[in-house]
Amino acid sequence: GMDWTVPILTLTFMMGLALDYEIFLFERVREYREEGFGDCESIQLGVAATGSTISLAGLIMALTFEAQLHASVPLTNQVGFILVFSIVIDTFLVRTILVPAMLSLVPCSNYWPSRMPEPRYEWLANQSDPRADDEEDEDDEDDSS
């Protein structure tokens, strides 16, 4: 079985690490938004700017804690496995997919309680659906006949 101290040790460590990555990512998204980029653009640029740093930091930490898996003490093996698994999931799944998706659901609440300036640069919001353009062209051809 698992030692009773393993969840306490790993949970506190992972919460600290997740908050550290979260602050790093959120602050970069906020910086881009304050520079005048739109909400979706700020999220995209923030993830692009911090992605390599967060990924490399997570990879280094996972490789470091992987050494605990080779120890002969079961407690150390358990802590090492949980840390490696959770760091990899947090780094490559949560920070790259889940957090940007959650940020884009209600983008105006990302910066609460401060107010952001009106966006000056928006390229994701202005993209139209090519299928909608084709349907409009077909409607125009039917009307002209």
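First things first, this report covers the structure right here in the doc. Residue indices begin from 1 for each chain and proceed along its sequence in written order. Two thresholds apply to this predicted model, a pLDDT of at least 70 for residue-level local features and 80 or more for giving and counting side-chain atom pairs, whereas whole-chain, interface and lining totals are computed over all residues. Only hydrogens and water are removed before side-chain values are computed, so all heavy atoms of the structure are retained for them.

Topic: helix 2 (residues 39-66)
Under the convention used in this document: Strands here are runs of E lasting at least two residues and helices are runs of H or I lasting at least four, both read from the DSSP assignment and numbered beginning at the N terminus. Expected helix span is given by 1.5 Å per residue-to-residue step, counting one fewer step than there are residues. Two axes enter the definition of the bend at a residue: one is fitted to the seven residues ending there, the other to the seven starting there, and the bend is the angle between them. Note on classification: 1.4 Å probe, protein chains only; a residue is buried when its accessible area is under 20% of the maximum for its type, exposed when over 50%, partly exposed between these limits. Contacts were defined at the residue level, with two residues in contact if any of their heavy atoms lie within 4.5 Å.
Between its first and last C-alpha atoms helix 2 spans 38 Å; for 28 residues at 1.5 Å apiece the expected length is 40 Å, and the two agree. The largest bend in helix 2 amounts to roughly 45° and is located at Thr50. Regarding helix 2, the residues found buried are Glu41, Ser42, Ile43, Gly46, Thr50, Ile54, Ser55, Gly58, Ala62 and Phe65. Buried residues along helix 2 sit against helix 1 (5-34) and helix 3 (74-105).

Digging into the packing of helix 1 against helix 2
Defined as follows: Every angle, taken between N-to-C directions, lies between 0 and 180 degrees, and every axis is a line fitted to C-alpha atoms, over only the stretch in contact when it is a helix. Working definition: roughly parallel below 35 degrees, roughly antiparallel above 145 degrees, roughly perpendicular at 65 to 115 degrees, and oblique for all remaining angles. Crossing handedness is defined as follows: a turn of the near helix away from the far one that is anticlockwise and smaller than a right angle gives a left-handed crossing, while the clockwise case is right-handed. Here the term charged refers only to Asp, Glu, Lys and Arg, the term nonpolar to Ala, Val, Leu, Ile, Met, Phe, Trp, Tyr, Cys and Pro, and the term polar to all other amino acids, Gly among them.
Contact geometry for helix 1 and helix 2: axes closest at 8 Å, N-to-C directions at 155°. The angle between helix 1 and helix 2 falls in the class roughly antiparallel. Viewed along their axes, helix 1 and helix 2 form a crossing whose handedness is right-handed. Across the contact of helix 1 with helix 2, the residue classes tally to 15 nonpolar, five polar and three charged.

Focus on helix 1
For helix 1, spanning 30 residues, the distance from its first C-alpha to its last is 43 Å, which sits close to the expected 44 Å at 1.5 Å a residue. When helix 1 is considered as a whole, its buried residues turn out to be Thr5, Val6, Thr10, Met14, Leu17, Ala18, Tyr21, Glu22, Leu25, Val29, Tyr32 and Arg33. Each element contacted by the buried residues of helix 1 is listed here: helix 2 and helix 3. After helix 1 finishes, the residue Gly36 shows a positive phi value of roughly 110°.

Focus on the environment of Gly46
Tracing the backbone shows Gly46 in helix 2. Distance in space between the C-alpha atoms of Gly46 and Phe24 is 9.4 Å, their sequence separation being 22 residues. Here Gly46 is in contact with Leu25, Arg28, Val29 and Tyr32, once residues within four sequence places are set aside.

Concerning unusual backbone geometry
For the peptide bond that leads from Trp112 to Pro113, omega is 5°, which places it in the cis range. Examined against the element boundaries, Pro113 turns out to sit in the loop between helix 3 and helix 4 (130-144).

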